[in-house]
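# Structural overview
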Amino acid sequence: MIAKVIVDVPSRQNDRPFDYLVPEGMEPWIECGSRVGVPFGGRVLQGFVIGLAESSSLEGSRLKPIAELLDALPPLLPDLVELSRWMSDKYCCSRIQALQAMIPAALKGKEERKVSLGEYGESCGLPPELLEWVSASGGTVRLDALLERYPQYTSAVKAALRSGDLQQTSAIRDRLSVRRVLTVFLDVDPAAAATAAEQFPPRAAKQRLALLCLLERGEPMPLQELAAASGAAASSIKALADKGLVALREVEKSRDPYGDRSFAATEPLPLTEGQDKVYGTIRRALDGAKARTMLLHGVTGSGKTEVYLQSIRHCLDSGRQAIVLVPEISLTPQMVERFKGRFGNAVAVLHSRLSSGERFDEWRKIRSGAAQVAIGARSAIFAPFSSIGLIIIDEEHESSYKQEESPKYHARDVAVRRAMQHGAAVVLGSATPSLETYAAASRIPAAGEEPALLPMRDRVGGRPLPQVEVVDMREELREGNRSMFSRKLHSALADRLERGEQSVLLLNRRGYSTFVMCRSCGYTSTCPHCDISLTFHQKTRVLRCHYCGHAEGAPSKCPSCESENIRYFGTGTQRVEEELSKLFPGIKVIRMDVDTTSQKNSHEKLLKQFGERKADVLLGTQMVAKGLDFPYVTLVGVIAADTSLHLPDFRAAERTFQLLTQVAGRAGRHQLPGEVVVQSYAPEHYAITTAQQHDYEAFLREELSHRANMGYPPYCRLVLITMSHEQLPLLASVSEGFAAELRALAEHEGLLMPLSGGFPRAIEVLGPVSSPISRMKDRYRFQCVIKYRGSIDISSLVRLALKPFTEGAAGNTVQFSVDVDPQVIL
Ligand SMILES: Nc1ncnc2c1ncn2[C@@H]1O[C@H](COP(=O)(O)OP(=O)(O)OP(=O)(O)O)[C@@H](O)[C@H]1O
Ligand SMILES: [Zn+2]
Ligand SMILES: [Zn+2]
C-alpha cells in the first residue's frame, strides 16, 4: 500500500503529496488523516496522510517506507483533509499550512536526532570523555544535547557521523504529551482489604491508614493525593502494592482548565415570542439535515444565547455535535458558564489563553467523543467532530474571525464549507451583522424555502434599548470645557456614584496610539525599520515597534531640537483613569486594556471583580464592548466615538457603528434602565446618528450607497496582494510586472472590465501602490488590490499570475503575500 503524504516543509514548491510505502505491520492503522514521520532529505519530518493508493508512479527502489505512525487515533478526519484542499485553493496557502492550522500546537512535532556508538564502540577515535558520557547515558543521547555539552568536538562528532563511528536515528517528538498520573487501585475486594488493615502490626500504622483512606474513598486515587490525605509516605503505599493489596498504574489525567470550578446546572428558559419563532426555524433546519446558513439578527439583550443553547440541545438530541465560535475576548467565564451550566462535561473549551497542555486535552475530549459541544475562538471551527449538526458563530461581524497570518482564512467561510460537508446548519448571530452577511441573508427566498434572515427586534422582557445622547465635543471646547469629559458625562458619572450603580467607559483606541511627540517641533519617534510610530510603554519607559519588536529607551530630550518639552502620551486608558481619580476622588476604577490583561486569567479576574460590584467604573478598550451582562450597569460612556472613523479603511464607518451599538447594549439589560453618553467630534456622521437611534437598517442603507459608489464589498469582492523587498527599485519593477501579468490574464479571459460598467463578471486591478505601512522590518511594501464581481475563480487566476515570480525565477527574492477577502488593508 502507498500513502500520499503532505510533508512539513516550508517551501511552496514542495506543496504536493509525496508517495511513501506503508510498512506491512502498519497497514491496518494508517488512514487518511494519520500523522506520520517520514524520511525526507536525510531527515525525518512530520507529515499527514491525505490519501492511500494501490500503486505509485515512482519506481519501487526510490520508494521509501513511512518511518513511524505518531498517534493511536488519526488527529484529522477525512473531511478535514478535504477541507484543507479547499482552503489551500481558496486562500492561496500551502496545503501543509492549512493542515497545521487544524491541529493543536502540541501535535506540531519536531524531529529529534539521537546518536549511539557504531560498530567499533568505544574503540573509535572520539575523545574518551565524550564516549564515557554517551555510555553513561545508556548508549544513546540526543544529538543537540551532545553538541551542547561538547561544543569543542562539533567537527569530530560530524566526522564520526559520516564515518559511521556514531550512528544517527531520527524520530518525531511531540511538544507535549498526554499527562499520566501514578494512581493507586485497590487490588483485592474491599472486605478483604478491611480485614487485612485490621491485622497490620503497629509499625505498619501508616500503611494501614493509607489503605483505610483508599477504602473510604471507594475509587482509585492518585498516589500523591493518597499520600497527602493519609499522611503515609509513598514508600508505605508501595509496600502495600508489594503485599498485593493495591496496584499502582499510570492513568491518563486531563488538564481541565475549568477543573477547579463548578457550574450550577441551568434549565431551558421558556422562550419569548421572538426567540420562539427563530428557534422554530432553526429546529426545522436541523431536522432537515441539509446544509443551511441563517443570520440571527437580534438586538443587544434580545436573548440570542438562549436560542443558541436550545438549538444545541436539539442538535445533540439527534446524535450530532455542535461548534460555537465566539470572539476570543468574549470567552469569559460568564460565557463559558452559560454553556457548561447547560451541557456540563459535554463542553470542551478552546481558546488561546489556555496553556497548550489544557488546549491539547480539551481537543482530545472532542476527538475521542467525550465532548459533543466545542466552544472556542476562530480555530475551534476545526474541532474534529465526526457528525456536525450545528455551527454557531456569535458576533459574526467580528474581524477576529479572520486569521491575519497564513492561512488567511475566515472562520465564517470555513464554517459554511464544513456545514456543506456535514449537512449542518450554520447560525450567524449579531446585533450588527457585517454588510456581506446581511446582503447574502436578505436575498428573497425561493418558493417553498424559509428565509435566511431571522430577526429578533425586542429585548427580553420588553426592556427598552437605552437612551443614547451624543455630545458635540467641539461645542464643549467652545464653551471652555477642556476636560476629556463633557459636562453631561461628568454629571451622569456623578449620579451613578451617588446611587451606587455601575458605569462602563469605552475608549475607542483604533487609530489611537500611545506615542511620543515633541511639543516644540512636532518630532515623533518612529521605528527605524518600519514606517510607523513607536509605542510608549510607561512601566518600562521603553519605546517599542509593534511590527518588528524594535525597542529603544524613551528620550528625555527631543532628539531633533533638544527641547525638554517632549511629551509621552501614556496609554489612553491610563490617562482617562488618572483624570477620573482627579475628578472623583476615591472612585474605584477597573482598567481593562492590553497592559492589564496580558497575564493568564487577568481578564476573567477583572470582570469577576466588576460583577461583584467591587468597582464603580469598568474602563477599557474594545474589550469592554462585547458580551458583558451586568445588572447594575446603567451608564455607558464613550470617550471619543470617532477616533476610528478616519482610518484609511473602507470599513471604518461600519466598525464604528458596530462598536457603538455593542457598547451601548451593555447598559440597562436588567431591571434598571440604561443611559448612554457618546462624545464625538463628528456628531452628524451617519455612523453615529444611526447608532444613537439603534437603527441598523438606516445605517445599512447609507453605508450601502457609499459602498456601491466606491465599488466595495458587498458589491464586489477583494483580493489584496502585498509584495515586499529591501530594495525599492527592484520591488517597484517586480510589482509592476506582476500587475501587468494579472491584467493580461484577466484580459485574456475577457474579464478586464470596469466594475462600474455593470458587467456581471468583471475584474479590476488596482496598483501597484505603496502599502499604508510602506516599510516593515526593513522591507519596502507595495500592494495590488483586485476587485472582482461574479463567479470567477480568482484564486486560480492569482496563482497563475504569481507563477513566473515565485517559481524558478532565479534571484527573485520579492516576497508575495496573498489575502483573499481581506479584513484590513494594511
Ligand atoms: N426567554 C428568556 N426569559 C427570561 N430571560 C431571558 C430569556 N432569554 C434570555 N434571557 C436573559 O436576557 C439577558 C440577555 O440575553 P443574552 O445575553 O443572551 O442577549 P444577547 O442577545 O446575546 O445580547 P448581546 O448581543 O448584547 O450579547 C440574559 O440575562 C438572559 O439570561
Ligand atoms: Zn523637538
Ligand atoms: Zn519596526
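Throughout this description, residue numbers start from 1 for each chain and increase along the sequence as written. The order in which chains are written sets their letters, starting at A; the order in which ligands are written sets their numbers, starting at 1. Confidence filtering applies because this is a predicted model: local features only for residues at pLDDT of at least 70, side-chain atom pairs given and counted only at 80 or more, and all residues used for totals across whole chains, interfaces and linings. Side-chain metrics in this entry use all non-hydrogen atoms of the structure; hydrogen atoms and water are not considered.

### Comments concerning the overall build of the chain
Put simply, the rule reads: Helix and strand definitions here come from DSSP, where helices need a minimum of 4 consecutive H or I residues and strands a minimum of 2 consecutive E residues; each element is numbered from the N-terminal end. Relative accessibility decides the category of a residue: with a 1.4 Å probe and only protein chains considered, values under 20% of the type maximum give buried, values over 50% give exposed, and everything between is partly exposed. Contacts are assigned to residue pairs that have any heavy atoms within 4.5 Å of one another. The protein chains shown are the only cover counted for residues, whose accessible areas, like all others here, come from Shrake-Rupley with a 1.4 Å probe. Charge assignment in this entry is limited to Lys and Arg as positive and Asp and Glu as negative, and neither His nor the chain termini are counted. Just so you know, the charge point we use is NZ for Lys, CZ for Arg, CG for Asp and CD for Glu.
The number of helices and strands found in the chain is 24 helices and 33 strands. With respect to the principal axes defined by its C-alpha atoms, the chain has extents near 90 × 75 × 75 Å. Across the 826 residues of the chain, 51% fall into the buried class. Taking all contacts inside the chain whose residues are at least 6 apart in sequence as the whole, residues at least 24 apart take part in 73%. Counting only carbon and sulfur atoms, one obtains 50% of the accessible surface of the chain, whose full area is about 37,600 Å². Seen as two clouds, the 100 positive and the 97 negative side-chain charges of the chain have centres 1 Å apart.

### A look at the domain arrangement of the chain
Condition: Segmentation into domains, and thus their bounds, comes from an automatic or database assignment.
On domain assignment, one finds that the chain holds domain 1 (2-109), domain 2 (111-173), domain 3 (180-252), domain 4 (273-461), domain 5 (467-514 + 571-708) and domain 6 (717-820). Computed over C-alpha atoms, the centres of domain 2 and domain 3 are 44 Å apart.

### Some points on the environment of Y712
With respect to the helices, strands and loops of the structure, Y712 is situated in the loop between α22 (696-710) and β30 (717-725). In the structure, Y712 is positioned 20 residues away from Q692 in sequence and 25 Å away in space, judged by C-alpha atoms. Sequence-distant contacts of Y712, defined by excluding residues within four places in its chain, comprise F650, R707, L718 and K787.

### Quick notes on the pairing of strand β27 (residues 617-620)
Convention followed: Two strands are counted as paired when DSSP detects at least two bridges linking them. With the strands aimed away from the viewer, a crossover counts as right-handed if its path from the first strand over the helix to the second runs clockwise.
Both faces of β27 are covered, namely the face carrying V617 and L619 and the face carrying L618 and G620. Bridge analysis of strand β20 (residues 502-506) against β27 gives 4 bridges, and the strand direction is parallel. Residue pairing for β27: L506 is matched across the bridge by G620. Sheet topology note: the strand β26 (residues 589-592)/β27 ladder contains 4 bridges and is parallel. Bridge assignment links M592 to a residue of β27, and that residue is G620. Taken together, β26, helix α19 (residues 602-611) and β27 form a β-α-β motif whose crossover is right-handed.

### Section: the sheet that holds strand β3 (residues 35-40)
Strand order in the open sheet made by the 5 strands is β2-β1-β4-β3-β5, with antiparallel pairing throughout. Either end of the sheet is taken by a strand with one partner, and the two such strands are β2 (18-21) and β5 (68-69). Strand direction decides the pairing type here: strand β1 (residues 2-7) and strand β4 (residues 43-53), joined by 6 bridges, are antiparallel. Note on β4: the bridge partner recorded for I6 is F48.

### Structural notes on the side chain of S486
By the secondary structure assignment, S486 is in the loop between α16 (473-478) and α17 (487-499). Classification of S486 by relative accessible area gives buried; the value is 0%. Discounting residues that sit within four places of it in the chain, S486 has contacts with V471, M473, E476, N481, V677 and Q679.

### Structural notes on the side chain of D71
Selection rule: N or O atoms closer than or at 3.5 Å make up a polar contact, with two conditions inside protein: a donor-capable atom paired with an acceptor-capable one, and, for residues adjacent in sequence, both atoms drawn from side chains.
On the secondary structure map, D71 appears in the loop between β5 and α1 (78-91). For D71, a relative accessible area of 16% corresponds to the buried category. Within the structure, the side chain of D71 is placed 2.8 Å from the side chain of R35, a separation counted as a polar contact. In this structure D71 touches R35 and L107, once residues within four positions along its chain are discounted.

### Topic: helix α3 (residues 128-136)
Under the convention used in this document: Our arc is simply the arc of the directions from the helix axis toward the C-beta atoms.
Taken together, the buried positions of α3 are L130, L131 and V134. An end-on view of α3 places all buried positions within 100 degrees of arc, on one side of the element. Counted as exposed and oriented over 90 degrees from the buried face of α3: P128, E132 and A136. For α3, the secondary structure elements touched by its buried residues are β6 (110-117), β7 (140-142), α4 (143-149) and α5 (154-163). Phi turns positive one or two residues past the end of α3, at G138, with a value near 90 degrees.

### Observations regarding the sheet that holds strand β10 (residues 221-222)
Pairing is antiparallel in the open sheet, where 3 strands are placed in the order β10-β9-β11. Of all the strands in the sheet, the pair left with one neighbour each is β10 and β11 (246-252). Direction of pairing for strand β9 (residues 180-186) relative to β10: antiparallel, over a ladder of 2 bridges. Counterpart to V184 in the pairing with β10 is M221.

### So, the packing of helix α23 (residues 728-748) against helix α24 (residues 794-806)
Put simply, the rule reads: Fitted lines through C-alpha atoms give the axes, limited to the stretch in contact for helices. The angle between two N-to-C directions lies from 0 to 180 degrees. To sort the angles, those under 35 degrees are grouped as roughly parallel, those over 145 as roughly antiparallel, those from 65 to 115 as roughly perpendicular, and the leftovers as oblique. Crossings are classed by handedness, with left-handed meaning an anticlockwise turn of the near helix from the far one by less than a right angle and right-handed meaning a clockwise turn. We call Asp, Glu, Lys and Arg charged. Ala, Val, Leu, Ile, Met, Phe, Trp, Tyr, Cys and Pro are nonpolar, and the rest, Gly among them, are polar.
Where α23 meets α24, the axes come as close as 9 Å, and the angle between the chain directions of the two elements is 140 degrees. Our classification of the angle between α23 and α24 gives oblique. Here the hand of the crossing between α23 and α24 comes out right-handed. For the pair α23 and α24, contact is made by V734, G737, F738, E741, L742, L745 and A746 and by L797, V798, L800, A801, L802, P804 and F805, respectively. Residue classes in the contact of α23 with α24 are distributed as 12 nonpolar, 1 polar and 1 charged.

### Overview of the site of ligand 1
Stated precisely, the cut-off is as follows: Throughout this document, a residue counts as near a molecule or strand when at least one of its heavy atoms sits within 4 Å of that molecule or strand.
Neighbouring ligand 1 are 19 residues; Q275, G301, K304, D629 and R669 lie closest to it. One of the backbone nitrogen or oxygen atoms of S302 is found 3.3 Å away from an oxygen atom of ligand 1. Protein contacts shield 83% of the accessible area of ligand 1, which totals 640 Å² for the unbound molecule. Split into classes, the residues belonging to the shell around ligand 1 amount to 5 nonpolar, 8 polar and 6 charged.

### So, unusual backbone geometry
The omega torsion across S406 and P407 is -5 degrees, close enough to zero to call that bond cis. Looking at the element boundaries, P407 is found in the loop between β16 (388-394) and α14 (411-422). Looking along the chain, the bond that leaves P713 and enters P714 is cis, with omega of 5 degrees. As for its placement among the helices and strands, P714 is situated in the loop between α22 and β30. Even without being a glycine, C92 presents a positive backbone phi close to 50 degrees. Mapped onto the elements, C92 comes out in the loop between α1 and α2 (95-101). Non-glycine residue E395 carries a positive phi angle of around 50 degrees. Tracing the backbone through its elements, the reader meets E395 in the loop between β16 and α14. Assessed through its relative accessible area of 8%, E395 is described here as buried.

### Looking at the pattern of salt bridges
To keep it simple, the criterion reads: Note on definitions: salt bridges are taken to be side-chain nitrogens of Lys or Arg within 4 Å of carboxyl oxygens of Asp or Glu.
The tally for this structure, following the rule as stated, stands at 35 salt bridges. Measuring nitrogen to oxygen at the nearest pair gives 2.8 Å for the salt bridge that ties R412 to E396. A residue pair is termed long-range when its members are at least 10 positions apart, and R412 in helix α14 and E396 in the loop between β16 and α14 qualify at 16 residues. Overall, R412 belongs to the buried group, its relative accessible area being 10%. Among the residues examined, E396 registers a relative accessible area of 0% and is labelled buried. A salt bridge links E436 to R651; the shortest N-O distance between them is 2.8 Å.

### Brief notes about helix α7 (residues 205-217)
For clarity, the threshold we go by: Working rule for helices: expected span equals 1.5 Å times residues minus one.
In this model, α7 (13 residues) spans 18 Å end to end at C-alpha, consistent with the 18 Å of a helix rising 1.5 Å per residue. Restricting attention to buried positions, one finds in α7 the residues Q207, A210, L211, C213 and L214. Viewed end-on, α7 has its buried residues packed into an arc of 160 degrees, placing them on one side of the element. Where α7 is buried, its residues touch β9, α6 (190-198), β10, α8 (223-230), α9 (234-242) and β11. Two residues or fewer past α7, G218 is found with a positive phi of approximately 75 degrees.

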